Amino acid sequence: MTTKTRKERNTALPLNTILDGDCIERMNALPEASIDLIFADPPYNLQLRGDLHRPDNSKVDAVDDAWDRFASFESYDQFTKAWLKAARRLLKPNGAIWVIGSYHNIFRVGAALQNEGYWILNDVVWRKSNPMPNFRGKRFTNAHETMIWASRDEGAKYTFNYEALKALNEGVQMRSDWVLPICTGHERLKDENGDKAHPTQKPESLLHRVLIGSTNPGDVVLDPFFGTGTTGAVAKMLGRDFIGIEREEAYRKVALKRLEKIRKYDKDALQVSTSKRAEPRVPFGQLIERGMLRPGEELFSMNKRHKAKIRADGTLIGDDVKGSIHKVGAELEGAPSCNGWTYWCFRRDGKTVPIDVLRQQIRAEMRDRPN
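Summarised in this report is the structure supplied together with it. Just so we're clear, the structure is a prediction, and the values are computed from it rather than from any experiment.

## With respect to the sheet that holds strand β11 (residues 316-318)
Then comes step 1: Pairing in this open sheet of 6 strands is antiparallel, and the strands run β12-β11-β10-β9-β13-β14 from one edge to the other. Both outer strands of the open sheet, β12 (321-323) and β14 (351-354), are each paired with one neighbouring strand and no more. On average, each strand axis in the sheet is tilted by 35° relative to the strand beside it, whichever way the strands run.
Then comes step 2: Pairing analysis gives 3 bridges linking strand β9 (residues 298-301) to strand β10 (residues 307-310), with the strands arranged antiparallel. Bridge assignment links F300 to a residue of β10, and that residue is K307.
Then comes step 3: The strands touched by helix α10 (residues 325-333) are β10, β11, β12 and β13 (344-348); relative to β12, the strand with the most contacts, the crossing angle is about 155°.

Here you go:
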């Protein structure tokens with residue numbers, strides 16, 4: 001019996017494509033133990049009863065699509081069991097899965113994961129920095145969603161790039177509560193009529209953190225509920241291969257158009273931290289000294305709520321708050337701490353760019369210097 005190489009196994013997969021049709025049937029047709037990571041954003045089964053309106057009586061564009069409707073909890077549980085079983089067959093022995101959901105479904109999904117033999121590693125709370133308010137005023141504002149991260153088996157080895165996540169968080173261990181904005185503005189995809197292309201489009205920042213933390217370049221990532229392709233877009237940028245499954249033609253069209261515009265980062269940029277010493281410290285002031293940013297130039301928060309002006313010594317001033325990129329960000333957000341490198345961005349040629357891109361450029365130069 002011959003053992004196929006990773007390259008040979010991957011050749012048999014429909015890499016970097018979107019498969020149409022039912023996700024369970026499609027997964028059952030793929031080769032066993034061929035996938036490194038699955039990211040799943042299944043229907044939440046919101047059980048909406050009638051329209052949702054704001055205080056001014058305008059209608060909220062809520063999730064009322066046919067794909068989110070199930071006759072009962074029992075039918076939803078049967079669907080969940082079926083797709084999780086199909087997904088587990090596809091995972092490599094060291095593979096893992098992420099499933100995201102709301103209070104409507106995530107507890108049922110968590111129980112199903114355990115019943116199917118997965119081993120839960122963490123639940124991660126995505127706390128939305130700009131959640132939709134509760135218009136009826138009868139419950140708390142739903143300001144978070146929950147992700148479950150699980151390995152295929154108990155005791156299995158799995159990818160966890162601890163140092164890379166720590167570097168994303170500026171040297172502080174990444175916690176299981178992630179504060180990231182929902183998908184808005186230029187990232188929100190629109191259809192031909194100018195309406196939201198998908199009601200629950202996830203932000204690229206969320207998938208960036210997931211893929212940096214639990215995959216490596218060249219890994220194969222499967223998304224059985226592909227939607228408008230956020231998983232595929234981020235995977236492509238980060239040098240991972242993807243397979244998407246999406247039954248709705250309208251979503252596939254939007255995703256294909258989106259993916260055509262995505263370009264993979266260069267090889268050096270895809271390298272991540274393996275230890276603290278591997279990534280030299282770069283003071284923000286060095287960006288000013290080198291002219292990569294200019295005194296008087298404005299920085300903007302990733303959530304678009306705040307701005308601050310750069311001063312010549314590398315500090316910021318905004319809304320009567322002065323100090324480092326971290327201090328100003330924290331005070332503006334009313335938070336105990338803030339990673340300024342991931343919080344602030346600047347504008348070039350009409351595009352919004354994280355300041356961390358400039359830091360990585362300097363670090364790449366440091367790595368390339370002869371000893």
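## Remarks on the packing of helix α6 (residues 204-214) against helix α7 (residues 230-237)
Then comes step 1: Packing of α6 against α7 leaves a shortest axis separation of 9 Å and a crossing angle of 55°. The angle between α6 and α7 places the two elements in the oblique class. The handedness of the crossing between α6 and α7 is right-handed. Of the residues in α7, those in contact with E204, L207, H208 and L211 of α6 are T230, T231, A233, V234, A235 and M237.
Then comes step 2: The residue makeup of the contact of α6 with α7, split by class, is 6 nonpolar, 3 polar and 1 charged.

## Considerations on the nonpolar core
Then comes step 1: Ranked by internal contacts, the top residues of the largest apolar core, which has 34 residues, are W98, M147, W178, L206, V210 and L211.
Then comes step 2: For this core, the element with the highest residue contribution is α6, accounting for 5 residues.
Then comes step 3: The residues touching V210, leaving out its near neighbours within four places in the chain, are L37, F39, W98, M147 and W178.
Then comes step 4: A40, V109, A150 and V220 belong to the second largest nonpolar core, which has 31 residues in total.

## Some remarks on the packing of aromatic side chains
Then comes step 1: Evaluated as defined, the whole model comprises 11 aromatic pairs.
Then comes step 2: Here F79 and F225 contribute two aromatic rings whose centre-to-centre distance is 6.2 Å and whose plane-to-plane angle is 65°, an arrangement assigned as edge-to-face. Here F79, found in helix α3 (residues 73-90), pairs with F225, found in the loop between β7 (220-223) and α7; they are 146 residues apart in sequence, far enough to count as distant. Grouping residues by exposure puts F79 and F225 together as buried.

Calculation criteria
- Residues numbered from 1 in each chain as written.
- Predicted model: local features only at pLDDT ≥ 70, side-chain atom pairs only at ≥ 80, totals over all residues.
- Heavy atoms only, no water.
- Pairing = 2+ DSSP bridges.
- Helix = DSSP H or I, 4+ residues; strand = E, 2+ residues; numbered from the N terminus.
- Axes fitted to C-alpha atoms, helices over the stretch in contact; angles between N-to-C directions.
- Contact = heavy atoms within 4.5 Å.
- Parallel < 35°, antiparallel > 145°, perpendicular 65-115°, else oblique.
- Left-handed = near helix turned anticlockwise from the far one by under 90°.
- Nonpolar A, V, L, I, M, F, W, Y, C, P; charged D, E, K, R; others polar.
- Core = buried A, V, L, I, M, F, W, Y, C linked by side-chain atoms within 4.5 Å.
- Buried < 20%, exposed > 50% of the residue type's maximum accessible area, 1.4 Å probe, protein only.
- Phe/Tyr/Trp six-rings, centres within 6.5 Å; stacked < 30°, edge-to-face > 60°.

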